[in-house]
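One letter stands for each residue in the lines below.
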Amino acid sequence: RKEVEQDPGPFNVPEGATVAFNCTYSNSASQSFFWYRQDCRKEPKLLMSVYSSGNEDGRFTAQLNRASQYISLLIRDSKLSDSATYLCVEKNRDDKIIFGKGTRLHILP
Amino acid sequence: DGGITQSPKYLFRKEGQNVTLSCEQNLNHDAMYWYRQDPGQGLRLIYYSQIVNDFQKGDIAEGYSVSREKKESFPLTVTSAQKNPTAFYLCASSIPEQVKAFFGQGTRLTVV
């Protein structure tokens, strides 16, 4: 089983809709999780960290479910500028940072 | 300004030649990483280093080599043994207490 798995998409979503992604991880001992955003031909940029208690940043909400070993990202009121690839990321105790393959999101006008 | 710098941004090499990609950071970060990204694919870990003079293989280390003689520098050599070297290479750094990884802008390597 791969360390971090995501649905590659693409998700084609109308502007203003709510979209949710999930990502599963295999290492139950992993401590830190994040969502990164990557635009075409650019480096990834941190979108938000993920905590068990859930965290929200504007239209974005991230959640960690340790029992089922998945993390989620919810985007409300989606904008055209949200079109990108969203990468699920795990950092383990040895500082190894593992990326999922990413989920492509296309917001449609 | 503090940051992580990769150079060059675009690099062309003939098949069979070794090539070294530069990665420098002035963030005083202990950990540094090299990733490879192919079109439409995620980032795959090549090598990472938690401290000077130490590094570990990632998932796709074959055909690559690294060194970590200084804290701020983590060069990656793509050797002629790497069968498909053409890709986008990203370098990153972080510190253990922080969850965020800082990325360079990447080097696009094309082998012809």
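You'll find the structure just up there.
Owing to the predicted nature of the structure, the values given are computational and were not obtained by experimental measurement. (Residues numbered from 1 in each chain as written. Chains lettered and ligands numbered in written order. Predicted model: local features only at pLDDT ≥ 70, side-chain atom pairs only at ≥ 80, totals over all residues. Heavy atoms only, no water.)

1. What about the overall build of chain B?
Test applied: A run of H or I in DSSP becomes a helix once it reaches four residues, and a run of E becomes a strand once it reaches two; helices and strands are each numbered from the N terminus. For a compact globule the rule gives 2.2 Å times the number of residues to the power 0.38, and the radius of gyration it is set against comes from C-alpha atoms. Burial here depends on accessible area, computed with a 1.4 Å probe over protein chains only, as a share of the maximum for the residue type. Under 20% is buried, over 50% is exposed, and the range in between is partly exposed. Contact definition: two residues touch when any of their heavy atoms are within 4.5 Å. Charge convention: Lys and Arg are scored as positive, Asp and Glu as negative, and His as well as the terminal groups of each chain are ignored. Charge positions are represented by NZ for Lys, CZ for Arg, CG for Asp and CD for Glu.
Within chain B, the secondary structure is distributed over zero helices and eleven strands. Each helix and strand of chain B, ordered N terminal to C terminal, gives the series β-β-β-β-β-β-β-β-β-β-β. For chain B, the C-alpha radius of gyration of 13 Å lies close to 13 Å, the compact-globule estimate for 112 residues. For chain B, the residues scored as buried account for 48% of the 112 residues in total. Counting contacts in chain B only where the partners sit at least 6 residues apart, residues at least 24 apart contribute 51% of the total. Charged side chains in chain B number 12 positive and 11 negative. The centres of these two groups are separated by 7 Å.

2. Digging into a nonpolar patch on the surface
All names here are of chain B. Which entries qualify depends on this criterion: Distance thresholds for patches are 9 Å for like charges and 5 Å for nonpolar side chains (Val, Leu, Ile, Met, Phe, Trp, Tyr), applied to residues having over 30% relative accessible area and no salt bridge. All accessibility values rest on the Shrake-Rupley procedure with a 1.4 Å probe; residue burial counts only the protein chains present in the view. What makes a salt bridge here is a side-chain nitrogen of Lys or Arg within 4 Å of a carboxyl oxygen of Asp or Glu, nothing more.
Taken together, Y10, F12 and V112 make up a surface patch of nonpolar side chains, about 370 Å² in accessible area. Inspection of the secondary structure assignment puts V112 in the segment after β11 (107-111). For V112, a relative accessible area of 61% gives the class exposed.

3. Section: the state of the cysteines
Note the threshold: Disulfides are defined as cysteine sulfur pairs within 2.5 Å.
Counted according to the given criterion, the structure contains two disulfides over all chains. In this model C23 of chain A forms its disulfide with C88 of chain A; the gap between the sulfur atoms is 1.9 Å. Of note, the bridge from C23 of chain A to C88 of chain A carries an S-S torsion of about -70° and is left-handed in sense. Of this pair, C23 of chain A sits in strand β3 (residues 19-25) while C88 of chain A sits in strand β9 (residues 84-91), placing them 65 residues apart in sequence. A single burial state applies to C23 of chain A and to C88 of chain A, both of which are buried. Covalent S-S linkage joins C23 of chain B and C91 of chain B, the inter-sulfur distance amounting to 1.9 Å. Taking the sign of the torsion about the S-S bond as the criterion, the disulfide between C23 of chain B and C91 of chain B, at about -80°, is left-handed. Separated by 68 residues along the polypeptide, C23 of chain B in strand β3 (residues 19-25) and C91 of chain B in strand β9 (residues 87-94) bring together distant segments of the chain. Of the two residues, C23 of chain B and C91 of chain B, neither departs from the other in class, the shared state being buried.

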